[in-house]
Amino acid sequence: MNKKKRTAILISGRGSNMRSLVEAARAPDYPAEIVLVASNRPEAEGVAWAVEQGLPTVVVDHKNFAARADFERTLQSALDTYGVELIALAGFMRLMTPDFVEHWRDRMINIHPSLLPSFKGLHTHEQAIAAGVKIAGCTVHFVRAEMDAGPIIAQAAVPVLSGDTAETLAVRILKAEHRVYPAALRLVAAGEARCDREKVVISSDVSETNPLYSPAI
Ligand code: GRF
């Protein structure tokens, strides 16, 4: 296998997607190595878990910076210190400046709990319930300056059941997130997912039975 891609996970909260990435990356043949967990919130639950696991962890508290660009400069120097090559946003709740996004173009990915381009932004599950869709899901995409936009790497679908609330739907989607995010990071780190005119081409994507696309339940 080629050298593992040095990957940072950026979080702001609970960190369950971070855990799924960290756990997947323990497999010897996984093409990404988690070399840093960074949080913009010192109290994030995920920070405590990362520290417990002995992962290099930094907190760059956005409240200590007057401008977004200053916050990003400090974050970037942590990323440089650890020789980071790929960034996985996992519940990271800060918008990045276009300069930062451009610097990490096609090297920074995010997970969003909807089937993009539907239901961008906050309160995603409420939006899905309000729209009455029968299928919901999650999307892993390359990050672009516009929020929750960018070439789609992988998606997983789950049913919306009668009687679902935003909370019950979120639980079902989260299970799919934990399956699809490690699979998507694997593709990106292995160089099997590349952007071509703002669409992602997946070299191993040869069959309709690709497990990436099968429903989670
Ligand atoms: C997830 O639903 C993710 O899709 C969204 O924020 C949530 C983060 O959850 N971007 P966790 O911190 O990974 O548990």
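Computed from a prediction, not measured in an experiment: that's the story for all the values here.

Conventions and cut-offs
- Residues numbered from 1 in each chain as written.
- Predicted model: local features only at pLDDT ≥ 70, side-chain atom pairs only at ≥ 80, totals over all residues.
- Heavy atoms only, no water.
- Domains from an automatic or database assignment.
- Contact = heavy atoms within 4.5 Å.
- Buried area = accessible area lost by both parts, 1.4 Å probe.
- Buried < 20%, exposed > 50% of the residue type's maximum accessible area, 1.4 Å probe, protein only.
- Helix = DSSP H or I, 4+ residues; strand = E, 2+ residues; numbered from the N terminus.
- Arc of directions from axis to C-beta.
- Near = heavy atom within 4 Å.
- Polar contact = N/O pair within 3.5 Å; in protein donor to acceptor, adjacent residues only side chain to side chain.
- Salt bridge = Lys/Arg side-chain N within 4 Å of Asp/Glu carboxyl O.
- Lys, Arg positive; Asp, Glu negative; His and termini not counted.
- Pairing = 2+ DSSP bridges.
- Right-handed = clockwise from strand over helix to strand, strands pointing away.
- Core = buried A, V, L, I, M, F, W, Y, C linked by side-chain atoms within 4.5 Å.

*Asks:* Describe the domain arrangement of the chain, and please don't skip the residues or the numbers.
*Replies:* Under the domain assignment used here, the chain contains domain 1 (1-104) and domain 2 (111-140 + 147-217). Across the contact, 19 residues belong to domain 1 and 13 residues belong to domain 2. Both faces combined, the contact of domain 1 with domain 2 buries some 1300 Å², and carbon together with sulfur accounts for 67% of it. The largest per-residue losses of area from domain 1 upon contact with domain 2 belong to Asn 17, Tyr 30 and Pro 31, which jointly make up 33% of the total buried on that side.

*Asks:* Would you mind going over helix H1 (residues 16-24) in detail, with residue names and values included?
*Replies:* Extensive coverage of H1 is indicated by the burial of seven of its nine residues. Inspection of H1 places Ser 16, Asn 17, Met 18, Ser 20, Leu 21, Val 22 and Ala 24 among the buried residues, and these make up the whole buried set. Contact partners of the buried residues in H1: strand E1 (5-11), strand E2 (32-39), helix H2 (45-52), strand E4 (86-89), strand E5 (108-112) and helix H6 (166-189).

*Asks:* Residues and numbers for H2, please.
*Replies:* Within H2, burial applies to Gly 46, Val 47, Trp 49 and Ala 50. Along the long axis of H2, the arc covered by the buried residues comes to 165°, so they all point the same way. Turned more than 90 degrees away from the buried face of H2 sit Glu 45, Val 51 and Glu 52, all of them exposed. In this structure, the buried residues of H2 make contact with E1, H1, E2 and strand E3 (57-59).

*Asks:* How would you sum up the site of the ligand? Please name residues and give values.
*Replies:* The immediate surroundings of the ligand are formed by Arg 14, Gly 15, Ser 16, Asn 17, Gly 91, Ile 111, His 112, Pro 113 and Glu 177. Within the backbone of Asn 17, a nitrogen or oxygen atom sits 2.8 Å from an oxygen atom of the ligand. The contact in question runs from an oxygen atom of the ligand to an N or O atom on the side chain of Glu 177, over 2.6 Å. Contributing elements (two or more residues each) for the shell around the ligand: H1 and E5.

*Asks:* How would you sum up the pattern of salt bridges? Please name residues and give values.
*Replies:* With the rule as written, the count across this model stands at 10 salt bridges. Where Arg 105 meets Glu 102, a salt bridge forms, and the shortest distance between an N and an O atom there is 3.3 Å. Judged by relative accessible area, Glu 102 falls into the partly exposed class, the value being 46%. In this structure, Asp 196 and Arg 197 form a salt bridge, with 3.4 Å as the shortest nitrogen-oxygen distance. Relative accessible area serves as the criterion here: at 75%, Arg 197 is assigned to the exposed category. Residues joined by salt bridges that share partners form a network here, namely Glu 102, Arg 105, Asp 106, Arg 144 and Glu 198.

*Asks:* For the side chain of Glu 72, give the residues involved together with the corresponding values.
*Replies:* Summarising the element assignment, Glu 72 is placed in helix H3 (residues 68-81). Here Glu 72 sits buried without a salt bridge, and the closest side chain of opposite charge, Arg 68, lies 6.0 Å off (N-O distance). In this structure Glu 72 touches Leu 95, Met 96, Thr 97 and Phe 100, once residues within four positions along its chain are discounted.

*Asks:* Got a sec to walk through the pairing of E2? Specific residues and values, please.
*Replies:* Here E2 lies mainly inside the structure; seven of its eight residues are buried. Direction of pairing for E1 relative to E2: parallel, over a ladder of seven bridges. Within E2, the residue paired with Arg 6 across the bridge is Glu 33. Handedness of the crossover joining E1 and E2 through H1: right-handed. Pairing analysis gives three bridges linking E2 to E3, with the strands arranged parallel. Note that in E3 the partner of Ser 39 across the bridge is Val 59.

*Asks:* Tell me what's going on with the environment of Ile 11, and back it up with residues and numbers.
*Replies:* Within the secondary structure, Ile 11 sits in strand E1. Distance from Ile 11 to Gln 76, taken between C-alpha atoms, is 15 Å for residues 65 residues apart in sequence.

*Asks:* Can you explain the nonpolar core? Please cite residues and give values.
*Replies:* The biggest cluster of nonpolar side chains holds 45 residues, and the ones touching the most others in it are Ile 9, Met 18, Ile 109, Val 140, Ile 153, Tyr 181 and Leu 185. Element by element, the count of residues in this core is highest for H6, at 10 residues. A domain-level breakdown of this core finds at least three residues from each of domain 1 (1-104) and domain 2 (111-140 + 147-217). Discounting chain neighbours no more than four positions away, the residues touching Met 18 are Ile 9, Ile 11, Val 37, Gly 46, Trp 49, Ala 50 and Ala 90. Core analysis: the next-biggest nonpolar cluster, separate from the first, contains 21 residues, Val 35, Leu 36, Ala 78 and Phe 100 among them.

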